[in-house]
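Chain and residue survey
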Amino acid sequence: MHLFDKYSIRDVTFRNRIFVSPMCQYSSDDGMPNDWHFVHLGSRAAGGAGLVLVEASGVSPAGRITAWDSGFWSEEHAAAFRRIAAFVEARGAVCGIQLAHAGRKASTDVPWRGGHVIRDGPNAWKPVAPSPIPFRDGDPIPHELTVDEIDEIVEQFVRSTRLAHSAGFRVVELHMAHGYLLHEFLSPLSNERTDEYGGSLENRMRFPLRVAERVRQAWPDELPLFVRISASDWVAGGGDLPQSIEFAKCLGALGVDLIDCSSGGAVLGAKVELGPGYQVPFARAIRAEAGIATGAVGLITEPKQADDIISSSSADAVLLARELLRDPYWPLHAARALGVDVPWPEQYQRAKT
Ligand SMILES: Cc1cc2nc3c(=O)[nH]c(=O)nc-3n(C[C@H](O)[C@H](O)[C@H](O)COP(=O)(O)O)c2cc1C
């Protein structure tokens, strides 16, 4: 297999294995996408990616990281996203969306203003979490979710999934990584519950698996469902690869099609071993041990590096984030570098040679 080989999951075929990793744009009001999102996502579809994944989109207002995040909790959001999804698909890419709940990392400012917690005013709210432990010492104590509130959030994921289908998306990715709500339940570093949602791995997986199960039921059989996980918390006593393999097996049994293997985000001070392709070993191990398709992400920047990840069976697809911010046409340039002929947008034909 190679980077530019087609890839099919269920009834969806991706023109290649280069996926746009979800990236928050912090540019929405009330969760609504606008011209920025249209141009940003549309450019990456014109740039030749196989899948364009919309940023983490809150399943409720409280599920956003910031008040400027994208959201997906009403028909108005679906209507606004419809035009974007249609354009991305018309450019030959598959359009997907990452659905998310920020949990205890919510109610913050945008990164370029420092990303600190907003405590009051119209852009603040009380974050929720498995346990009343703030992400940073001194941050407001999050509200410990009751079992009824957990049930409600499961249904919010279902509502967003149905809306995503009506908007024309063909992939849903559930965000269970980076220290946001579903990862907070999985990680023993943030989950100190003593009820059926805390303690053993089986209990810590219960909420995320319930979400995956209900979303799979609500999402058409012919369409792929992805889950992004943090395969390691990079902290002793935190989530690790063996736990992630177990979790991936359970997700696979529920009909999840691909595990997008990221890492980190659970706590501050983790010792992440950063380097080119540093998370690829997680994708390789989960693919081999859990018998499920994986996506590799993180510091993948070179065409040959990306192609090697696919041809060595380390992953079924690569997800690129920052490199696709630097160059929306990276897939077209990568094809040239690898000696593969892929069509360019006809409007750009004269620049191809
Ligand atoms: C601007 C920006 C926004 C991001 N937003 C999200 C997000 O919405 N959801 C997510 O799972 N990861 C998010 N990430 C992480 C990326 O998807 C990706 O996993 C990470 O940047 C590593 O890949 P890279 O080395 O190709 O950038 C974001 C990263 C950046 C740079």
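On a predicted model such as this, the values are computed, not experimentally measured, just so you know.

Considerations on the overall build of the protein
- Looking only at helices and strands, the protein features 10 helices and 12 strands.
- The principal-axis extents of the C-alpha atoms in the protein amount to approximately 60 × 40 × 40 Å.
- In the protein, which comprises 353 residues, the proportion classed as buried is 60%.
- Here the contacts in the protein between residues at least 6 apart in sequence split such that 71% fall between residues at least 24 apart.
- Summed over all atoms, the accessible surface of the protein reaches about 14,000 Å², with 51% contributed by carbon and sulfur.
- Counting 35 positive and 44 negative side-chain charges, the protein places the averaged centre of each group 5 Å from the other.

A look at the site of the ligand
- Taken together, the neighbourhood of the ligand is formed by 15 residues, with Ser21, Cys24, Gln98, Leu299 and Arg322 sitting nearest.
- Between the ligand and Cys24 there is a distance of 2.8 Å, counted from a nitrogen atom to a backbone nitrogen or oxygen.
- In the complex, the protein chains occlude 82% of the 610 Å² of accessible area that the ligand would expose alone.
- Under a 2 Å grid-point criterion requiring more than half of the atoms, the pocket assigned to the ligand is the largest pocket.
- In the shell around the ligand, the residues fall into eight nonpolar, five polar and two charged.

Focus: the pattern of salt bridges
- In the structure shown here, the tally under the stated rule is 14 salt bridges.
- Across the pair Asp257 and Arg216 runs a salt bridge, and its minimum N-O distance is 3.2 Å. A residue pair is termed long-range when its members are at least 10 positions apart, and Asp257 in the loop between α6 (241-253) and β10 (258-262) and Arg216 in helix α5 (residues 201-218) qualify at 41 residues. Across the pair, Arg216 and Asp257 agree in class, each one buried.
- The structure contains a network of salt bridges with shared partners spanning Arg10, Arg216 and Asp257.

Structural notes on α6
- For α6, with 13 residues, the first-to-last C-alpha span of 18 Å sits near the 18 Å given by 1.5 Å per residue.
- Looking at the buried positions of α6, the neighbouring elements they touch are β8 (171-176), α4 (181-186), α5, β9 (225-230), β10 and α7 (280-290).
- The N-cap of α6, judged by a side-chain oxygen 3.1 Å from the amide nitrogen of Gln243 a few residues on, is Asp240.

Brief notes about the layout of surface pockets
- Its volume calculated, the largest pocket comes out at about 820 Å³.
- If you go around the largest pocket, you meet 33 residues; those closest to its centre are Pro22, His178, Arg228, Ser262 and Ala321.
- For the lining of the largest pocket, the secondary structure elements donating two or more residues are β12 (317-320) and α9 (322-326).
- With three residues, α9 is the single largest residue contributor to the lining of the largest pocket.
- Of the residues that constitute the lining of the largest pocket, the class distribution is 17 nonpolar, 11 polar and five charged.
- By volume, the second largest pocket is sized at about 350 Å³.
- Around the second largest pocket sit 19 residues that line it, and Ile65, Lys105, Thr108, Gly115 and Arg136 are the ones nearest its centre.

Conventions we followed
Sequence positions are assigned chain by chain, starting from 1 and proceeding in written order. In keeping with the predicted nature of the model, local features appear solely for residues at pLDDT of at least 70, side-chain atom pairs appear and are counted solely at 80 or more, and the whole-chain, interface and lining totals rest on all residues. Values shown for side chains rest on all heavy atoms present in the structure; no hydrogens or waters enter the calculation. Working definition: helices are DSSP H or I runs of at least four residues, strands are E runs of at least two. Numbering for both runs from the N terminus. Using a 1.4 Å probe on the protein chains alone, a residue whose accessible area is under 20% of its type maximum counts as buried, one over 50% counts as exposed, and one in between counts as partly exposed. It only takes one pair of heavy atoms within 4.5 Å for two residues to be counted as in contact. Exposure was quantified through the Shrake-Rupley algorithm and a 1.4 Å probe, taking into account, for residues, occlusion by the shown protein chains and nothing else. His is not counted, nor are the chain ends; Lys and Arg add positive charge and Asp and Glu add negative charge. Where a charge lies is defined by one atom per residue type, namely NZ (Lys), CZ (Arg), CG (Asp) and CD (Glu). Put simply, a residue is near a molecule or strand once any heavy atom of it comes within 4 Å of that molecule or strand. Under the rule applied, a polar contact is a pair of N or O atoms within 3.5 Å (in protein, one hydrogen donor and one hydrogen acceptor; residues adjacent in sequence only if both atoms are side-chain atoms). Every definition here rests on a 1 Å grid over the protein atoms only: cavities are sets of points where a 1.4 Å probe fits but cannot get out, pockets are open sets enclosed by protein on both sides within 12 Å along at least five of seven lines, and lining residues have some atom within 4 Å of a point. Occupancy of a cavity or pocket is assigned to a molecule whenever over half of its atoms lie within 2 Å of that pocket's grid points. Residues are grouped as follows: Ala, Val, Leu, Ile, Met, Phe, Trp, Tyr, Cys and Pro are nonpolar; Asp, Glu, Lys and Arg are charged; all remaining types, including Gly, are polar. We count a salt bridge whenever a side-chain nitrogen from Lys or Arg sits within 4 Å of a carboxyl oxygen from Asp or Glu. Helix span, expected: 1.5 Å multiplied by one less than the number of residues in the helix. Grid points are joined across faces, edges and corners, and a volume is the space filled by probe spheres set on the points.

Any functional reading would require information that these geometric values do not contain.
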